[in-house]
Amino acid sequence: MDITEYNFQRCKLCGETAAEPTYSLSDSTIYVCRCCDFHFLNRLDCLSEKSSGQEHLNEKSRHYIESRMDENHHLHQNRLAFIASYLHLSQCEALDIGAGLGQFQRLLNNRGARTMGIEPSSLRRTYAWEKLGLDLHGELVESDYWQTRFIQHFDLITLWDVIEHVDFPHQTLESAIKLLKPGGILCLDTPSREVFPYRFSQKLYRLSGGKIGLFLPSFYSTVRYGHKQIFTQQQLSELLERSGLEIISSVSSGTGKLFSNSKIVLAGRKTASM
Ligand SMILES: [Zn+2]
């Protein structure tokens, strides 16, 4: 989307001009919509300064990337098992949006899928190419590159830990769903807002007159591609349905648990009429 400014009172989920600055963080503000209770940060990548200079894959960044590979390995295995229960992966055409280092794409390849991946960070793309031989794409899913060549092309599209990072979740999902074949499956996961640390922090913020945000800042980030919105399970399910998917699985992995790393995990099938 080509915009030069955005009125954050306009809710990024329901579109109503009903959002109010509600939680002040040190360098940003969480807006809350009075109509749909969506929570989003007053930051957009498309409005921020481009990061200065080219990202380089040096020893430090390489070390950081490699230190995180192991901790994600089990997560990717679980994601693969989740998908395999809905889809025959062999010969499946798959697109991984937010491919990171290409680890998940490689797991799909090992199961016989034909894959492509999108990763906006040039540093991670370089790493994926050097280490895994994967040629990830820097073009975002909304771009002409995908929207002119790959309409109704994929059987599977995954967005692991992506939807909280994008400027406009609705546009990203609509663009992704256009690339799905009718009957194709989209899977995603994202942090949940319905967890104790978030809810308790909201309460403490109110009780302290805005002095104590506790864990609220840790759910969001103002860096480029940082977390800009945190959904409830119902908000995200309804958004997927509005975008043309029939929900086939909806799990909030840690509802009610204290300090758990809780995620919403959703899978939807593209309805034939879309
Ligand atoms: Zn709203």
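The structure displayed is predicted, hence computed values, not measured ones.

Each value, and the rule that gives it
- Residues numbered from 1 in each chain as written.
- Predicted model: local features only at pLDDT ≥ 70, side-chain atom pairs only at ≥ 80, totals over all residues.
- Helix = DSSP H or I, 4+ residues; strand = E, 2+ residues; numbered from the N terminus.
- Rg over C-alpha atoms; globule rule 2.2 N^0.38 Å.
- Buried ≥ 20, exposed ≤ 12 C-beta atoms within 10 Å, placed from the backbone.
- Contact = placed C-beta atoms within 7 Å.
- Pairing = 2+ DSSP bridges.
- Domains from an automatic or database assignment.
- Nonpolar A, V, L, I, M, F, W, Y, C, P; charged D, E, K, R; others polar.
- pLDDT = per-residue confidence, 0-100.
- Axes fitted to C-alpha atoms, helices over the stretch in contact; angles between N-to-C directions.
- Core = buried A, V, L, I, M, F, W, Y, C linked by C-beta atoms within 7 Å.

Moving on: the overall build of the chain. Per the secondary structure count, the chain includes eight helices and ten strands. Computed over C-alpha atoms, the radius of gyration of the chain comes to 19 Å, within 12% of the 19 Å expected from 2.2 N^0.38 for 274 residues, which places it in the range of a compact globule. Considered along the principal axes of its C-alpha atoms, the chain spans approximately 55 × 50 × 40 Å. A burial count over the chain gives 35% of its 274 residues as buried. Taking the contacts inside the chain whose residues are at least 6 apart along the sequence as the reference set, 61% of them involve residues at least 24 apart.

Moving on: the sheet that holds strand S2 (residues 29-33). Paired through their backbone hydrogen bonds, the strands of a sheet run either parallel or antiparallel. Ordered by their spatial adjacency, four strands build an open sheet running S1-S2-S3-S8, and the pairing between neighbours is antiparallel. In this open sheet, the two edge strands, each paired with only one partner strand, are strand S1 (19-24) and strand S8 (229-230). Examined bridge by bridge, S2 and strand S3 (residues 39-41) share three bridges and lie antiparallel to one another. If you follow Val32 over to S3, its bridge partner there is His39.

The subject of this paragraph is the domain arrangement of the chain. The domains assigned to the chain are domain 1 (1-48 + 200-223) and domain 2 (72-192 + 231-274). One C-alpha centre belongs to domain 1, the other to domain 2; they are set 25 Å apart. Tallying the contact residues gives nine residues for domain 1 and six residues for domain 2. Across the side of domain 1 that touches domain 2, the residue classes tally to seven nonpolar, no polar and two charged.

Before going further, it helps to examine the confidence of the model for the chain. For the chain, per-residue confidence averages 91 on the pLDDT scale, and residues scoring 70 or more make up 92% of the total. Note on residues 255-260: pLDDT under 50 across the span, and eight contacts to partners over four residues away in sequence or across chains.

Across the sheet, six strands lie side by side as S5-S4-S6-S7-S10-S9; this open sheet has mixed pairing. What marks the edges here is a single partner per strand, and that holds for strand S5 (114-118) and strand S9 (245-252). Direction aside, neighbouring strands of the sheet carry axes that sit 15° apart on average. With respect to the sheet, helix H8 (residues 233-242) is in contact with strand S7 (180-191), S9 and strand S10 (263-270), its orientation differing from that of S9 by roughly 165°.

We now examine the nonpolar core. One finds Ile97, Ile157, Ala176, Leu186 and Leu188 to be the most contacted residues of the largest nonpolar core, which totals 61 residues. Looking at this core, you find at least three residues from each of domain 1 (1-48 + 200-223) and domain 2 (72-192 + 231-274).

Another point: the pairing of strand S6 (residues 154-160). Burial of S6 is extensive: seven of the seven residues sit out of reach of the surface. With three bridges joining them, strand S4 (residues 93-97) and S6 adopt parallel strand pairing. Its bridge partner being in S6, Leu95 is matched across the sheet by Ile157. Pairing between S6 and S7: six bridges, direction parallel. Counted as the bridge partner of Leu159 is Leu188 from S7.

What follows covers the environment of Phe40. Here Phe40 lies in strand S3. Considered as a pair, Phe40 and Gln9 are 31 residues apart in the sequence and their alpha carbons are 10 Å apart. The residues contacting Phe40, other than those within four sequence positions of it, are Lys12, Tyr31, Lys228 and Gln229.

What follows covers the pairing of S2. Of the pairings in the sheet, the one linking S1 to S2 comprises five bridges and is antiparallel in character. For Pro21, the partnering residue across the bridge sits in S2 and is Tyr31. Here S1 folds back onto S2 in antiparallel fashion, the turn holding four residues. Count of turn residues in the S2/S3 antiparallel hairpin: five residues, of which Asp37 carries a positive phi of about 65°.

Moving on: the environment of Ser175. Its location among the elements puts Ser175 in helix H5 (residues 169-178). In this structure the C-alpha to C-alpha distance between Ser175 and Val265, which are 90 residues apart in sequence, comes to 20 Å. In this view, Ser175 contacts Val141, Glu142 and Gln147; residues no more than four positions away in its chain are not counted.

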